[in-house]
Amino acid sequence: MMKLNLNWRVISVISKRDLKLYFSSPTGYLFITVFIFLSAAAAFWQERFFANNLANLDQLNSMFPFLLLLFIPAVTMNVWAEERRQGTDELLLTLPATDIEIVLGKYLSVLGIYSASLILSFSHIIVLFWLGSPDLGLMIVNYFGYWLIGAAFLGIGMLASLLTSNATIGFILGMLFCSIFIFIGSLEWLTGEWLQSILGRIAIERYFKDFARGIISFSGLFYFIGVTAIMLFLNVIILGKRHWPATAGGYKMWIHYFIRTVALTIAVFSFVAIIVTMALRIDATAEGLHSLSDTSKQLLEDLPEGRQVLIQAYISPEVPRNFVEPRANIIGKLEEIAAVSGDQVQILIKDTEPFSEEAREAREKFNIFPQESFVNEGGRSGKAQVFLGVAFTCGAREEVIPFFDVGLPVEYELIRSIRSVAQSNRKKIGILSTGVKLFGDFNYQTGQQVPPWPVVGELRKQYEVLMVNPEESIEQEMDVLMAVMPSTLGQKELDNLKDYVQTGKPTVLLIDPMPLIDISLSPILPSDAQVSMFQQNQQQKQPKGNMEQFMKEIGVPWKMSEVIWDVYNPHPDLSVLQQEIIFIGEGNKNKSAINQDNPVSADLQEVVFMFPGYLEYPPEPNLVFEPLLQTGLVSGVHHWYSLVQRGFFGLTLNQRPRRIATPDLYTVAARISGTTSGIQKENDPENKSGNLINLLVIADVDFISQQFFEIRNRGIANLNFDNISFFLNSIDYLADDESFIELRNRRVKHRTLTAVEAKTQEFITRRLEEEREAEEEARQALSEAQQRLTEKVTEVRNRTDVDEQTKQIMAQNMQEVENKRFEAIRANIEANRDATIARSQENTEIAIRAIQANIKTLAVLLPPVPIFILGVMIFIRRRRREHEGTIAARRLRS
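Residues numbered from 1 in each chain as written. Predicted model: local features only at pLDDT ≥ 70, side-chain atom pairs only at ≥ 80, totals over all residues. Heavy atoms only, no water.

A word on the overall build of the chain
And step 1. Along the chain, the regular secondary structure elements total 27 helices and 25 strands.
And step 2. Looking at the chain as a whole, 49% of its 894 residues qualify as buried.
And step 3. Summarising the internal contacts of the chain: among those between residues at least 6 apart in sequence, 75% fall at separations of at least 24.
And step 4. Summing over all exposed atoms, the chain offers an accessible surface of approximately 44700 Å²; the carbon and sulfur share of this is 55%. (Helix = DSSP H or I, 4+ residues; strand = E, 2+ residues; numbered from the N terminus. Buried < 20%, exposed > 50% of the residue type's maximum accessible area, 1.4 Å probe, protein only. Contact = heavy atoms within 4.5 Å. Areas by Shrake-Rupley, 256 points an atom, 1.4 Å probe, with all protein chains shown as cover.)

What follows is the structure, given as C-alpha cells:
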C-alpha cells in the first residue's frame with residue numbers, strides 16, 4: 001500500500017502566500033463585506049423572520065446554499081486562472097512540491113479566507129442575542145454546517161478555476177458545478193422515481209438540513225468530507241495531466257483516472273449510505289428540539305417486521321405565527337423518524353397550498369382539510385388556510401390526524417399513530433355503560449344526537465374500545481375497565497361491578513359528588529330528582545344502588561356528599577373562579593401535591609378539577625393506598641347542600657359558600673392495590689384468600705370533559721393543564737403499557753425574539769388602554785346625552801302653566817326631536833370612538849413595523865461595517881506605499 005508523505009512546510013508556504021495576496025488587496029475585503037451583508041439580509045431582512053418570531057437563523061439556512069453559489073466561485077475563480085494569466089503557474093509548478101501538496105496549499109488558503117468570512121459573520125449571533133436568547137448549541141452546529149458546505153464547494157470552485165485561464169469563465173463554471181449539487185434533488189419532473197432516489201442522495205440539501213436544525217449528522221459529516229476529497233482528487237489529477245504518459249497497461253491514462261474517480265465516488269457514497277443506516281446523530285440543541293426520546297426509538301425498533309408504515313404529511317409551506325412552532329416540530333420529528341427508522345417507516349412531506357393537487361389528494365384520500373386561521377402580521381390582516389395534517393397507512397390499516405392543533409404533543413401523536421397503525425393486535429379498554437353517556441346519546445328535549453365524549457376518540461387512537469353492559473355479569477376479556485359515575489347504577493349493576501373489581505382486574509373509577517356536566521347525576525340526589533322545572537324524565541329510572549356501601553366493600557371509603565376546595569390558583573386571569581375549582585401543582589405548598597414516584601403523575605405540571613370529592617385512606621391493612629394528586633395546605637370541605645341553592649329554575653351553585661380551612665390534605669386521585677377482607681364465601685368461610693383489588697380512583701368526572709380537550713388542542717396561553725395526559729397515563733399504567741407516558745409529558749419549547757415581543761407588547765398594551773378609554777368616553781358621552789334628554793322631557797312634564805293633554809303632546813314632540821338629536825349624537829360619538837380605535841390600531845401597527853424596520857436596518861448594515869473599514873484602511877495603506885514607492889523610484893532615476 002502506497003504511503004502518502006506530505007511536506008506540510010511547503011503546503012504552509014503556498015497557503016500563506018495566497019492568503020497574504022488575498023488580504024493585501026481591498027478586493028478580498030470587498031468580497032467578505034458583500035458576503036456578510038448578503039447573509040445578514042438573508043437572515044434578518046425577510047418578512048418571515050419577524051412573522052416566525054424565533055431566535056434562530058432559519059431564514060439564512062434556507063438561503064445559504066444559494067448565497068454560496070455566488071460567494072464561493074468569486075473566491076476560487078482566481079485560484080488557478082490568475083496564476084495562468086500572470087504566468088506564475090510555471091514558477092509554482094517548479095517548486096519542490098508534489099501536485100497534491102500544491103493543491104492542498106491552494107485549498108487551505110481559500111478555506112482560510114472562507115473561515116475568516118464565517119467568523120466575521122458571527123455578528124449574526126450577536127444580533128440574535130440582542131433580540132432574544134438563542135440556543136448557542138443550535139448556532140454552533142449551524143455554523144459548523146456552513147463551514148462544511150463551504151469546504152465542499154471550495155473544492156468544486158477550484159476545479160472550475162483549474163479548467164480555464166479566464167477568471168470570468170472560472171466564476172461561471174464554478175456556479176454551474178456548485179448548482180448541480182444544489183438543484184439535483186429538484187429534478188423530479190425530469191427523472192424517474194428510481195433515478196430520483198439515486199440523485200437525491202447526492203443533493204447537498206439532504207445533508208445540510210440536519211445541521212440547519214442543530215443536529216450533527218455523521219452521514220452529513222462524511223458526505224461533505226467525501227465530496228471535498230473527490231474534488232481535491234480531481235484537482236490533483238488535472239494538475240498532474242502534464243506528467244501523464246500516453247498509455248499505461250495498454251489503456252489511455254484518462255481511462256485509468258476516470259475509473260479511479262468513479263471507484264472513489266462509489267466508495268464515498270457507499271460509506272455515506274452505510275452511515276445513514278446507522279443513524280449516528282447528535283442533537284446539540286439545548287431543548288432537544290428535533291431529537292427523538294429513547295422511548296420513541298425503542299418503539300420504532302419494536303415495530304413488527306414486514307409491516308412498513310407510510311407517512312404522508314400535508315403541510316403548508318408558510319403558516320401564521322401561532323402555527324410556526326407546531327409546523328417546525330412536525331417536520332423536525334418526521335425527518336428524525338425517517339433518519340432512525342430505516343426502511344421501516346417511509347415519509348413523504350408535501351408542501352400543500354389551497355386548491356393544489358396536494359390539497360385535493362389530502363381531501364379525497366384522507367379527509368384532511370385546511371383550518372382557517374386569522375393572520376395579522378407585517379401590516380397585513382386576513383384569513384389563511386393552513387394545512388397541518390398527517391396520514392399513516394400500513395397495509396389496509398389507516399390512521400389520520402386531520403390537523404395538529406397548537407397544543408397537541410407532536411412526538412407523542414406521531415409515534416402513537418405509527419405503532420397503532422402497524423400493530424394488528426391492540427389492547428382492549430372497556431367502558432361501563434352508566435348514566436354518563438360517554439358514547440353519545442339522543443337528547444329528547446332538543447331532538448338532536450349528542451356526540452361521544454372526546455375521551456372516547458382519544459382512547460380509540462391507541463386501544464380497542466368496548467362498551468360493557470353492567471346489567472349482566474361482567475365477563476368480557478379486556479385489559480382495563482373504565483367506570484364513570486358508577487353511582488348512577490342500580491344495585492344489581494353495582495354488585496356486578498363490585499364482583500368484577502374484587503377479582504383484581506385493572507379498573508379505573510371516576511366518581512364525583514357534584515358533576516357539573518349534569519348536576520342531576522350527583523350521587524346524593526335520588527334517581528328521579530329534577531333539578532329544573534323544565535327538565536322532564538323521558539323514562540322511568542331505576543333506583544340508585546348504595547354507592548357508599550359499594551366503595552366500602554371494595555376497600556375505598558368515600559363520603560359522596562362532601563366537596564373540597566383549595567385557595568391555590570396560579571392564574572391571575574382566572575381569579576374570578578370559585579375555590580371549588582382546584583388547581584393542583586407544585587405551587588400549592590404541598591410537596592406531595594403531585595406524586596413524583598409514580599409514573600402516572602410524575603412530570604405533570606398542573607391538573608385542574610372542578611368541584612371534586614376526596615378519597616380517604618382505607619381501613620384495610622392489606623391495601624396499599626398511594627395518593628397521586630393532593631390539595632394544598634390551605635383547603636377544606638363543604639357539604640353538598642351548602643354549595644347548591646334551589647330556586648325557580650332548579651339547582652344553582654352558591655357563589656359564596658362559607659369556607660373554613662382544615663389542617664388535612666385531601667387526596668383527589670389515588671392508586672389502590674392489595675387485598676380486602678370482603679365477605680364470607682361458601683368455599684372459603686374464613687375468607688382467608690380475601691379479594692384482590694387493582695384500582696385507580698379519581699374523585700372527579702369533569703376534568704376530562706370536552707372543554708379541557710379544547711384547551712389542550714388550542715394551546716391557550718398559560719393554560720398548560722395536564723388533565724388529558726394524567727387520565728391517559730392512568731389507563732396506560734393499568735393496561736401495563738407505559739410506553740407513551742414519557743412522551744405525553746415531553747414539552748418542546750422554541751426560543752423566541754423576547755426583546756421584540758416586549759417592545760411589541762408595550763404598544764399593544766397602550767393600544768388596548770386607548771381603546772378602553774375610547775369606549776369609556778363614548779359610554780360617558782352617551783350617558784350624558786341620555787341624561788339631558790331625560791331632563792328636558794321631565795322639565796316639560798313638570799310645567800304647571802299648561803294642561804295635561806298639552807304637556808303630553810309637548811313631551812311627545814320634545815321626545816321625538818330629542819331622540820333624533822340623541823341618535824345623531826350617538827352616531828357621532830360611536831363614529832369618533834371607532835375612529836379612535838382604528839387610529840390606535842394603525843399607530844400600533846406603524847410602531848411595530850418601525851421597530852422591525854429599525855432592527856432589520858441595524859442587523860444588516862452594522863455587521864459589514866468593521867470589515868469594510870478595515871478594507872478601506874488596507875486600500876489607503878497600499879495606495880500610500882505605492883505612492884511612496886513611485887517617489888523613491890523617481891528619486892533613484894534622477
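Some words on the packing of aromatic side chains
And step 1. Tallying each qualifying case throughout the model produces 27 aromatic pairs.
And step 2. A centroid spacing of 4.5 Å and a plane angle of 50 degrees characterise the contact between Tyr617 and Phe625, whose relative ring orientation is tilted.
And step 3. Of the residues examined, Tyr617 reaches a relative accessible area of 54% and is grouped as exposed.
And step 4. Note on Phe625: relative accessible area 11%, which makes it buried.
And step 5. A connected cluster of aromatic rings, assembled from ring pairs, spans Phe35, Phe64, Phe71, Tyr114, Phe122, Tyr143, Tyr146 and Phe208. (Phe/Tyr/Trp six-rings, centres within 6.5 Å; stacked < 30°, edge-to-face > 60°.)

What about helix H10 (residues 167-183)?
And step 1. Relative to the 24 Å expected for 17 residues at 1.5 Å per residue, H10 spans 24 Å between its end C-alpha atoms, a close match to the ideal helical length.
And step 2. Inspection of H10 places Gly170, Gly174, Cys178, Ser179, Phe181 and Ile182 among the buried residues, and these make up the whole buried set. Relative to the axis of H10, the buried residues are bounded by an arc of 165 degrees and lie together on one face. Exposed residues pointing more than 90 degrees away from the buried face of H10 are listed as Thr168 and Ile172.
And step 3. In this structure, the buried residues of H10 make contact with helix H4 (58-76), helix H9 (136-162) and helix H13 (218-239).
And step 4. N-capping of H10 is provided by Asn166, with a side-chain oxygen placed 2.8 Å from the backbone N of Thr168. (Expected span 1.5 Å × (residues − 1). Arc of directions from axis to C-beta. Polar contact = N/O pair within 3.5 Å; in protein donor to acceptor, adjacent residues only side chain to side chain.)

Comments concerning the pattern of salt bridges
And step 1. Counted by the stated rule, this structure contains 23 salt bridges.
And step 2. A salt bridge links Glu580 to Arg659; its shortest N-O distance comes to 2.9 Å. Of the two residues, Glu580 is situated in the loop between strand E17 (562-566) and strand E18 (581-585) and Arg659 in the loop between strand E23 (650-653) and strand E24 (667-676); the sequence distance between them amounts to 79 residues.
And step 3. Classification of Glu580 as buried rests on a relative accessible area of 0%. (Salt bridge = Lys/Arg side-chain N within 4 Å of Asp/Glu carboxyl O.)

A few points about the packing of helix H2 (residues 26-44) against H4
Between two packed helices, both the angle of their axes relative to each other and the distance between the axes serve to describe the pair.
And step 1. Packing of H2 against H4 leaves a shortest axis separation of 9 Å and a crossing angle of 160 degrees. When the interaxial angle is binned, H2 and H4 end up roughly antiparallel. The hand of the H2/H4 crossing is right-handed. Residues Phe31, Ile32, Phe35, Leu38, Ser39, Ala42 and Ala43 of H2 touch H4, and the partners they reach there are Gln59, Leu60, Met63, Phe64, Leu67, Leu68, Phe71 and Ala74.
And step 2. Broken down by class, the residue content of the contact of H2 with H4 amounts to 13 nonpolar, 2 polar and no charged. (Axes fitted to C-alpha atoms, helices over the stretch in contact; angles between N-to-C directions. Parallel < 35°, antiparallel > 145°, perpendicular 65-115°, else oblique. Left-handed = near helix turned anticlockwise from the far one by under 90°. Nonpolar A, V, L, I, M, F, W, Y, C, P; charged D, E, K, R; others polar.)

Points about the side chain of Gln578
And step 1. Along the chain, the position of Gln578 falls in the loop between E17 and E18.
And step 2. If sequence neighbours within four positions are ignored, Gln578 has contacts with Phe611, Leu653, Asn654, Gln655, Pro657 and Arg659.

A few points about helix H15 (residues 294-301)
And step 1. Within the span of H15, buried status applies to Thr295, Ser296, Leu299 and Leu300. Buried residues along H15 cover an arc of 135 degrees about the axis, so they all sit on one side. Residues of H15 that are exposed and angled more than 90 degrees away from the buried face: Asp294 and Glu301.
And step 2. Contacts made by the buried residues of H15 are with helix H16 (324-341), strand E6 (345-351), helix H18 (410-422) and helix H24 (741-744).

A short note on the sheet that holds strand E14 (residues 464-468)
Strand pairs in the sheet, formed through backbone hydrogen bonds, run parallel or antiparallel to each other.
And step 1. The 7 strands lie next to each other as E14-E11-E15-E16-E25-E24-E20, forming an open sheet whose pairing is mixed. With one partner strand each, in any of the chains shown, E14 and strand E20 (623-630) form the two edges of the open sheet. Averaged over all neighbouring strand pairs, the angle between strand axes comes to 20 degrees, with direction disregarded.
And step 2. The sheet contact formed by strand E11 (residues 428-432) and strand E15 (residues 480-484) spans 3 bridges and is parallel. Note on E15: the bridge partner recorded for Ile431 is Met482.
And step 3. Running at roughly 165 degrees to strand E25 (residues 691-698), helix H23 (residues 723-734) makes contact with E11, E15, strand E16 (507-510), E20, E24 and E25 of the sheet. (Pairing = 2+ DSSP bridges.)

Concerning the sheet that holds E6
And step 1. Strand order in the open sheet made by the 4 strands is E6-E5-E9-E10, with mixed pairing throughout. The open sheet has two edge strands, E6 and strand E10 (397-401), and neither has a second partner. When the angles between neighbouring strand axes are averaged without regard to direction, this sheet yields 15 degrees.
And step 2. Of the strand pairs in this sheet, strand E9 (residues 388-394) and E10 are connected by 5 bridges, and their pairing is antiparallel. Residue pairing in the sheet places Cys394 in a bridge with Arg397 of E10.

Observations concerning the pairing of E18
And step 1. Counting buried positions over the 5 residues of E18 gives 5, a clear majority of the element.
And step 2. Here E18 shows no split at all, with Ile581, Phe583 and Gly585 on one side and Ile582 and Ile584 on the other all buried.

Here's the deal with the environment of Ala847
And step 1. Among the secondary structure elements, Ala847 is positioned in helix H26 (residues 804-861).
And step 2. As a C-alpha pair, Ala847 and Thr760 span 87 residues in sequence and 8.3 Å in three-dimensional space.

Re the environment of Asn546
And step 1. Topologically, Asn546 is positioned in the loop between E16 and helix H21 (547-553).
And step 2. The exposure class assigned to Asn546 is partly exposed, which follows from its relative accessible area of 42%.
And step 3. Once the C-alpha coordinates of Asn546 and Ser487 are considered, the two residues, 59 residues apart in sequence, prove to be 7.8 Å apart.
And step 4. With near-sequence residues (within four places) excluded, Asn546 lies in contact with Gln491 and Leu494.
And step 5. A distance of 3.0 Å separates a polar atom in the side chain of Asn546 from the backbone nitrogen of Gln549.

Some details on a nonpolar patch on the surface
And step 1. Side chains of Trp130, Leu858, Leu862, Val865, Phe868, Ile869, Leu870, Val872, Met873, Phe875 and Ile876 sit close together on the surface and give an oily, nonpolar patch of about 1000 Å² of accessible area.
And step 2. With 8 residues, the top contributor of residues to the nonpolar patch is helix H27 (residues 864-893). (Patch = residues over 30% accessible without salt bridge, like charges linked within 9 Å, V, L, I, M, F, W, Y side chains within 5 Å.)

Some remarks on the nonpolar core
And step 1. Of all hydrophobic cores here, the largest spans 98 residues; its most connected members are Leu459, Phe726 and Phe727.
And step 2. Residues contacting Phe727, with those up to four places away along its chain left out, are Val455, Leu459, Met482, Leu510, Phe703 and Ile704.
And step 3. In this structure, Phe64, Tyr107, Leu111 and Phe211 belong to the second largest nonpolar core, which totals 80 residues. (Core = buried A, V, L, I, M, F, W, Y, C linked by side-chain atoms within 4.5 Å.)

Notes on the environment of Gln502
And step 1. Within the element layout of this structure, Gln502 appears in the loop between helix H20 (491-501) and E16.
And step 2. Residues Gln502 and Leu692, 190 residues apart in the sequence, show an inter-C-alpha distance of 5.3 Å.

Quick look at the confidence of the model for the chain
And step 1. Looking at the chain, the pLDDT average stands at 81 and 86% of residues meet or exceed 70.
And step 2. Ranking the helices and strands of the chain by mean pLDDT puts E16 first, with 95, and helix H11 (residues 193-200) last, with 64.
And step 3. Contacts of residues 532-540 to residues separated by more than four positions or lying in other chains number 14 contacts, the stretch itself having pLDDT below 50.
And step 4. Predicted confidence is poor over residues 679-688, with pLDDT under 50, and the contacts of this stretch with residues over four places away or in other chains come to 10 contacts. (pLDDT = per-residue confidence, 0-100.)

Topic: unusual backbone geometry
And step 1. The phi angle at Phe611 is positive, at roughly 50 degrees, despite the residue not being glycine.
And step 2. Located in the positive-phi region is Asp736, a residue other than glycine, with phi close to 60 degrees.
And step 3. Relative to the assigned elements, Asp736 resides in the loop between H23 and H24.

Examining the side chain of Arg419
And step 1. Along the polypeptide, Arg419 turns up in helix H18.
And step 2. When sequence neighbours within four positions are dropped, the list of residues in contact with Arg419 reads Leu299, Leu303, Gln462, Asp737, Ser739 and Phe740.

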